[in-house]
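As a plain string of letters, each chain reads:
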Amino acid sequence: MEEAVKLNEAFHSFTQASRSLEVYYEKLSDRVRFLTAEVERKNEQLKELQDHHRRNLRLIAMGEMAAGIVHEIRSPLCSIELYSNMLTRDLEDTEHSEMSKGISTGIKSLNNILTNMLLFAKPQKPSLKEVKLFVPVEESLKILAPLVKIRNINVSLMISNDSIEGDPELLNQVLMNILLNAIQVMPDGGRLQVFTEEGENYIALAVCDQGSGIDPENIEKIFDPFFSTKDRGTGLGLTIAHKIMQSHNGFIKADKNEDTGSTFRLYFPKKGVAAGPMGQEAAEK
Ligand SMILES: Nc1ncnc2c1ncn2[C@@H]1O[C@H](COP(=O)(O)OP(=O)(O)OP(=O)(O)O)[C@@H](O)[C@H]1O
Ligand SMILES: [Mg+2]
């Protein structure tokens, strides 16, 4: 009888142990299922990353090829530009004067597009010098003069005599892009103002037009590469301007004017404030 009780107890313990084992087994199976799903998910992510990497390599190769082509086109274009400038000078005050100015402007705008593409594919480190702020403005406006005249645009300049640390070529490219945009939004004429503003930490060069202004829904996108609302725009002008301003420890800001048009401000750090990229809040002090 006693043995039967012991046997019964042993059998009971065995059943309990076996139940616990079953529960553990279930939990373990769940865990294995979860981990298997996790491994599958990670494998998919890895495959996506590998595809992405392969696509990036292809894009880099295409970018390098495009930069090479642009570079090759630019060399003969510079000679054409030089000859066309000489021709424009020779034809000054003749009946062909306007026509040759038109050719020169066309070549310069082509050169501007190619320079933007080259800078996009291969950003350039600025080689800094002291630059008077009015210099890149005047140089760009000289190139754009025929366009300003044809469009009946009235330019007013109020630029201080201040200098900043900048790369003259790159600054010319920024101003070309900003001024060209301002001229393009005023096809029937208007006033183009360029003026300086001074803050505690910065000097800003402002370009104000009387165009149609920037749509609020586009204000976040205008600095994105390839964003353009123009039929034949590449959408690289503002991207390049923004990148060049960053490489000068500055930044660029666009605002819709209260009345008509918009104002683009280029913020440059004042001398001695240049350590690290200048934050917007610091600039707005
Ligand atoms: N002064 C401005 N007034 C209103 N909208 C502007 C002005 N400047 C730029 N934009 C808007 O920002 C977009 C992007 O400008 P961005 O200069 O980068 O390219 P794009 O002028 O369209 O082409 P690209 O400069 O390459 O020829 C323009 O298409 C336009 O919608
Ligand atoms: Mg542009």
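Residues numbered from 1 in each chain as written. Chains lettered and ligands numbered in written order. Predicted model: local features only at pLDDT ≥ 70, side-chain atom pairs only at ≥ 80, totals over all residues. Heavy atoms only, no water.

**A closer look at the side chain of Ser104**
With respect to the helices, strands and loops of the structure, Ser104 is situated in helix α2 (residues 97-121). According to the relative accessible area criterion, Ser104 is buried, its value standing at 5%. In this view, Ser104 contacts Ser84, Asn85 and Thr88; residues no more than four positions away in its chain are not counted. (Helix = DSSP H or I, 4+ residues; strand = E, 2+ residues; numbered from the N terminus. Buried < 20%, exposed > 50% of the residue type's maximum accessible area, 1.4 Å probe, protein only. Contact = heavy atoms within 4.5 Å.)

**So, the domain arrangement of the protein**
What the domain assignment reports for the protein is domain 1 (1-122) and domain 2 (126-284). In this structure, domain 1 and domain 2 have C-alpha centres spaced 31 Å apart. Between domain 1 and domain 2 the total buried area reaches about 1,200 Å² when both faces are included, carbon and sulfur atoms providing 70% of it. Three residues, Asn112, Asn116 and Phe120, lead the burial of domain 1 against domain 2; their summed loss comes to 46% of the area buried on that side. Counting the contacts that link domain 1 with domain 2 gives one salt bridge. (Domains from an automatic or database assignment. Buried area = accessible area lost by both parts, 1.4 Å probe. Salt bridge = Lys/Arg side-chain N within 4 Å of Asp/Glu carboxyl O.)

**A short note on the sheet that holds strand β4 (residues 190-198)**
Strand pairing in a sheet relies on backbone hydrogen bonds. The paired strands run either parallel or antiparallel. Taken together, the five strands give an open sheet; going across it, the order is β2-β4-β5-β7-β6, and neighbouring strands pair in mixed fashion. Each having just a single partner strand, β2 (153-158) and β6 (251-256) make up the two edges of the open sheet. Taking the axes of each pair of neighbouring strands and ignoring which way they run, one obtains an average angle of 15° across the sheet. As paired strands, β6 and strand β7 (residues 262-269) are joined by six bridges and run antiparallel to one another. Note on β7: the bridge partner recorded for Asp255 is Thr263. Strands in contact with helix α4 (residues 168-184) are β2, β4, β5 (202-208), β6 and β7; relative to β7, the strand with the most contacts, it is inclined by about 165°. (Pairing = 2+ DSSP bridges. Axes fitted to C-alpha atoms, helices over the stretch in contact; angles between N-to-C directions.)

**Quick look at the site of ligand 1**
In the region of ligand 1, 18 residues are neighbours, and Asn181, Ser228, Thr229, Lys230 and Thr234 sit closest. At 2.6 Å from an oxygen atom of ligand 1 is found a side-chain nitrogen or oxygen belonging to Lys230. In this structure, Gly235 approaches ligand 1 through a main-chain N or O atom, which is 3.0 Å from an oxygen atom. In isolation ligand 1 has 590 Å² of accessible area, and contact with the protein removes 93% of it. (Near = heavy atom within 4 Å. Polar contact = N/O pair within 3.5 Å; in protein donor to acceptor, adjacent residues only side chain to side chain. Areas by Shrake-Rupley, 256 points an atom, 1.4 Å probe, with all protein chains shown as cover.)

**Observations regarding the packing of α4 against helix α5 (residues 237-247)**
Orientation of α4 relative to α5, taken along the N-to-C sense of each, is 140°, at an axis distance of 9 Å. In this structure, α4 crosses over α5, and the sense of that crossing is left-handed. Touching Leu170, Gln173, Val174, Asn177, Ile178 and Asn181 of α4 are Gly237, Leu238, Ile240, Ala241, Ile244 and Met245, all from α5. (Left-handed = near helix turned anticlockwise from the far one by under 90°.)

**Description of the pairing of β5**
Of all seven residues in β5, seven are buried, a share of seventy percent or more. Where burial is concerned, the two faces of β5 agree: the one with Tyr202, Ala204, Ala206 and Cys208 and the one with Ile203, Leu205 and Val207 are both buried. Bridge analysis of β4 against β5 gives six bridges, and the strand direction is antiparallel. Looking across to β5, one finds that Gln193 is bridged to Cys208. Where β4 hands over to β5, the hairpin turn is made up of three residues, counted between the paired strands. Bridging between β5 and β7 involves seven bridges; their strand directions are antiparallel. Across the sheet, Leu205 pairs through a bridge with Leu266, a residue of β7.

**A few points about the environment of Leu192**
Position of Leu192 relative to the elements: it lies in strand β4. Separated by 162 residues in the primary sequence, Leu192 and Asp30 place their C-alpha atoms 70 Å from one another. Not counting the four nearest positions on each side in its chain, Leu192 is found in contact with Leu141, Ile153, Asn154, Val155, Ser156, Leu179, Ala182, Ile183, Met186, Val207 and Cys208.

**Description of the nonpolar core**
Counting 39 residues, the largest nonpolar core has Ile178, Leu179, Leu192, Leu205, Phe264 and Leu266 as the members making the most contacts within it. Elements that contribute at least two residues to this core include exactly α3 (134-150), α4, β4, β5, α5, β6 and β7. Sorting elements by how many residues they give to this core places α4 first, with 10 residues. Within the second largest apolar cluster, six residues are counted, among which are Ala67, Val70, Leu77 and Leu114. (Core = buried A, V, L, I, M, F, W, Y, C linked by side-chain atoms within 4.5 Å.)

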